[in-house]
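Residue-level structure breakdown
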Number of protein chains: 2
Amino acid sequence: MTDIKTMVNPLFLREEELRRGIELLFYAYRDFTAEPDAMLSRLGLGRAHHRVIYFVGRHPEITVTELLRILRITKQSLSRVLGDLVRKGYIVQRQGTRDRRQRLLELTERGRELERQLSENQRRRIARAYREAGAEAVEGFRTVLLGIMDPENRQLLLSAPPERTARAAR
Amino acid sequence: MTDIKTMVNPLFLREEELRRGIELLFYAYRDFTAEPDAMLSRLGLGRAHHRVIYFVGRHPEITVTELLRILRITKQSLSRVLGDLVRKGYIVQRQGTRDRRQRLLELTERGRELERQLSENQRRRIARAYREAGAEAVEGFRTVLLGIMDPENRQLLLSAPPERTARAAR
DNA sequence: ATAATACGTCAGTTATGTTGACACAGTCAC
DNA sequence: GTGACTGTGTCAACATAACTGACGTATTAT
């Protein structure tokens, strides 16, 4: 019988490697969201508001349905958060012209300013990480994260320019 | 005056690049947690339970304080979740020998089985992404995620073997 | 002996999500 | 044009996972 202690076990190494990946994602995400969360709570807002502000800023004229598809929450959940943001003057809605049932969402100047402040820390983090890691590592980072996503969502991020991305999801 | 339309703006490209990073993290995390969440809800558990099960499995004999430091939640929040898991027989606590105030946490056989099931999908995702991306990309992925984390948390993941990691955090 | 730590618990609150039901306006297919 | 479907909003009730603040007990450290 082989001595189990001295045996190199590729399955174990593989498992350890995958677990490190799981943890890395957890810790990075935890630290990535901590600062914006703290800023938001001072304004009486939460992470959910940040997500809406972010994606409306990213996809101007996005519709409610498109936003729901990105966030993967119910319209009732979105409604509360979106209502807060409209009431506080961060977002405006106007009727769609192509389809008048749609409400096209856009940041106000005030909304853009908040978005800038909230994402600044996150952009700084990523910028620092990219700079320290180098271009090749950045490419690997992107490739692996895309690989972790559901396959059907990948194209949207790869090809389409950001303003059209959400729309193309239909 | 320079024609703004034909000018290549490195600041804009940089911003676009960073935003892609932010989104990639959001989408990957969203898809990464979706399946375990669905499994958990069938058992009357939530993502918070998964995190506890995961880290207790990862760091056997972890103490409550150490777990709190990883999760970054209050002990009152942890208490409810941990209580559920103990009551349902997924986790056992015993008194520490070195310090009898401590409660050392460990998965039961049942807990290990649940952990395995929950993380299976996540490990498969990461394994697939790693395989498709290649070793170099994996290295880049890890480097960038470490760079995104708060600097003071990096060592813990780099050097220490997993069972000691949490303990060393003190 | 006193202070600090590890853990637990009670009570109340907030943020963010869920289901289900219903309404209305506008678009599409026939 | 009528009927079906779609986009949006809203009401109500509920679940989960976090929070703050206060207090208690056992144990360890100074």
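In short, a report on the structure. This is a predicted model, so every value here is computed, not measured. (Residues numbered from 1 in each chain as written. Chains lettered and ligands numbered in written order. Predicted model: local features only at pLDDT ≥ 70, side-chain atom pairs only at ≥ 80, totals over all residues. Heavy atoms only, no water.)

**Focus on the relation of the copies chain B and chain A**
So the rule is basically this: Overlaid copies result from least-squares superposition on C-alpha atoms, with residues included only where pLDDT is at least 70 in both. Whether two residues touch is decided by their heavy atoms; if any such pair falls within 4.5 Å, the residues are in contact.
Superposition record for chain B on chain A: RMSD 0.0 Å, screw rotation 180 degrees, translation along axis 0.0 Å. Here the copies are linked by what is in effect a two-fold axis. If distances are taken from each C-alpha of chain B to the rotation axis, the shortest is found for Phe141 of chain B, at 1.8 Å. When the interface residues of chain B are mapped onto chain A, 100% of them are again interface residues, pointing to one common binding face.

**What about the packing of aromatic side chains?**
Going by this rule: Any pair of Phe, Tyr and Trp rings, taking the six-membered ring for Trp, is counted once the centres come within 6.5 Å. Such a pair is stacked with planes under 30 degrees apart, edge-to-face with planes over 60 apart, and tilted for the rest. Here a strand is any run of E in DSSP of at least two residues, a helix any run of H or I of at least four, and the numbering for each starts at the N terminus. Burial classes follow relative accessibility: with a 1.4 Å probe on protein chains only, a residue under 20% of its type's maximum area counts as buried, one over 50% as exposed, and anything between as partly exposed. For a Lys NZ or an Arg CZ to count as sitting over a ring, it must be within 6 Å of the ring centre and within 35 degrees of the ring normal.
If you walk through the whole model with that rule in mind, you get 11 aromatic pairs over all chains. On the numbers, 5.9 Å between centres and 70 degrees between planes, the contact of Tyr130 of chain A with Phe141 of chain A is edge-to-face. Highlighted residues: Tyr130 of chain A in helix H5 (residues 109-133) and Phe141 of chain A in helix H6 (residues 135-148), separated in sequence by 11 residues. Take Tyr130 of chain A: its relative accessible area is 7%, and that puts it in the buried class. Seen in terms of ring centroids, Tyr54 of chain B and Phe55 of chain B are 5.1 Å apart; in terms of plane orientation they differ by 90 degrees. Their pairing is edge-to-face. Owing to a relative accessible area of 3%, Tyr54 of chain B belongs among the buried residues under this scheme. We classify Phe55 of chain B as buried; its relative accessible area is 2%. Each residue in the set Phe26 and Tyr27 of chain A together with Tyr54 and Phe55 of chain B is aromatic and connected to the rest through ring pairs, giving one cluster. Above the plane of the ring of Tyr90 of chain A lies Arg110 of chain A, whose end atom (NZ or CZ) is 4.6 Å from the centre.

**So, the environment of Leu82 of chain B**
All names here are of chain B. Residue placement: Leu82 occurs in helix H4 (residues 75-87). By relative accessible area, which is 7% here, Leu82 ends up buried. C-alpha of Leu82 to C-alpha of Leu105: the two residues are 23 residues apart in sequence and 9.6 Å apart in space. Apart from the residues within four sequence positions on either side, Leu82 is in contact with Val52, Val64, Ile91 and Leu105.

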